[in-house]
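Topology and contacts: notes
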Amino acid sequence: MVLALWVGGLVVVLVAVGLFVFGLRRRLIQRSGGTFDCSLRWDVSEEPDQSGKGWVYGVARYSGDRVDWFRVFSYSPRPRRGLERSAIEVVARRLPEGEEELALLSDSVVLGCLHRGTRLELAMSEDALTGFLAWLEAAPPGQRVNVA
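From a predicted model like this one, the values you see are computed outputs, not experimental measurements.

Rules and cut-offs
- Residues numbered from 1 in each chain as written.
- Predicted model: local features only at pLDDT ≥ 70, side-chain atom pairs only at ≥ 80, totals over all residues.
- Heavy atoms only, no water.
- Core = buried A, V, L, I, M, F, W, Y, C linked by side-chain atoms within 4.5 Å.
- Buried < 20%, exposed > 50% of the residue type's maximum accessible area, 1.4 Å probe, protein only.
- Helix = DSSP H or I, 4+ residues; strand = E, 2+ residues; numbered from the N terminus.
- Expected span 1.5 Å × (residues − 1).
- Arc of directions from axis to C-beta.
- Pairing = 2+ DSSP bridges.
- Axes fitted to C-alpha atoms, helices over the stretch in contact; angles between N-to-C directions.
- Contact = heavy atoms within 4.5 Å.
- UniProt positions renumbered as here; feature names shortened; annotations may be inferred.
- Salt bridge = Lys/Arg side-chain N within 4 Å of Asp/Glu carboxyl O.

**Examining the nonpolar core**
- One finds L122, M124 and F132 to be the most contacted residues of the largest nonpolar core, which totals 21 residues.
- Where this core is concerned, the elements lending two or more residues are β4 (66-71), β6 (88-94), β7 (108-115), β8 (118-125) and α3 (126-137).
- A per-element tally of this core places α3 first, with six residues.

Spelled out as structure tokens, the structure:
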């Protein structure tokens, strides 16, 4: 009985520490500012996939001439993906359809992009999309920006 209580207490403490570390990591990512919730689907086909598969929830952070994308459910302090402003080409914009609506945050807009030949989709709120497109268009003189 004592052993069961001890193991149960240890499990509760480990879960609490794990949740605390998730929160601390997100706070550290947001500390420098310029962050927004952004789901990502990497290396997608040209045909829209409405099954909702492949979407990963994350947080994106502006960092100079790049956007760093972090998975929400990860302990890694490093970004999972980095998108350079000069290499992003916006090719489509649409609303989520089918089961995709369940996989994404409510009121998300899906932005189809090309990044160095890789097709990807970003899903974000309308406000975040406005800021993202403004950031893309604010490229320094001489840089090519492709916004559809």
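There is more to say after this.
**Concerning α3**
- Here α3 contains 12 residues, and its C-alpha end-to-end distance of 17 Å stays within 8% of the 16 Å for a straight helix at 1.5 Å per residue.
- Within the sequence span of α3, burial applies to A128, L129, F132, L133, W135 and L136. The arc that holds the buried residues of α3, viewed along the axis, is 155 degrees, so those residues lie on one side. In this structure, α3 carries D127, T130 and E137 as exposed residues pointing more than 90 degrees from its buried face.

**Points about the sheet that holds strand β3 (residues 58-63)**
- Strands sit in the order β1-β3-β4-β5 across an open sheet of four strands; the sheet is antiparallel. The outermost strands of the open sheet, each flanked by one partner alone, are β1 (35-37) and β5 (81-84). Adjacent strand axes in the sheet meet at a mean angle of 25 degrees when their direction is disregarded.
- Sheet analysis places β3 next to β4, joined by six bridges and oriented antiparallel. Each residue of the ladder has a partner; that of S63, found in β4, is R66.
- Packing against the sheet, α3 makes contact with β1, β3, β4 and β5, and its axis sits at approximately 35 degrees to β3.

**Some words on the UniProt feature "transmembrane region" (unreviewed entry) in the protein**
- The UniProt entry lists residues 6-24 under the feature "transmembrane region" (unreviewed entry), expressed in the numbering used here.
- Strand forms 0% of residues 6-24 and helix 100%; the C-alpha atoms that close the span are 27 Å apart.

**Comments concerning the pattern of salt bridges**
- In the structure shown here, the tally under the stated rule is 10 salt bridges.
- D65 is the salt-bridge partner of R85, the closest N and O atoms lying 2.3 Å from each other. In this pair, R85 is assigned in the loop between β5 and β6 and D65 in the loop between β3 and β4, connecting sequence segments 20 residues apart.
- R85 gets classed as buried once you look at its relative accessible area, which sits at 6%.
- R116 is paired through a salt bridge with E84; the nearest N and O atoms lie 3.2 Å apart. Residue R116 is found in the loop between β7 and β8, and its partner E84 is found in strand β5; the two are separated by 32 residues along the sequence.
- Ionic contacts of the salt-bridge type, sharing partners, join the residues R61, R66, D68, E84 and R116 into one network.

**Some remarks on the pairing of β7**
- Taken across its eight residues, β7 has seven buried, putting it largely inside the fold.
- Bridge count for β6 against β7 is six bridges, and the pairing is antiparallel. Looking across to β7, one finds that R94 is bridged to V110.
- Here β7 runs beside β8; their pairing, made up of eight bridges, is antiparallel. Paired with L111 across the bridge in β8 is L122.
- Count of turn residues in the β7/β8 antiparallel hairpin: two residues, of which R116 carries a positive phi of about 55 degrees.

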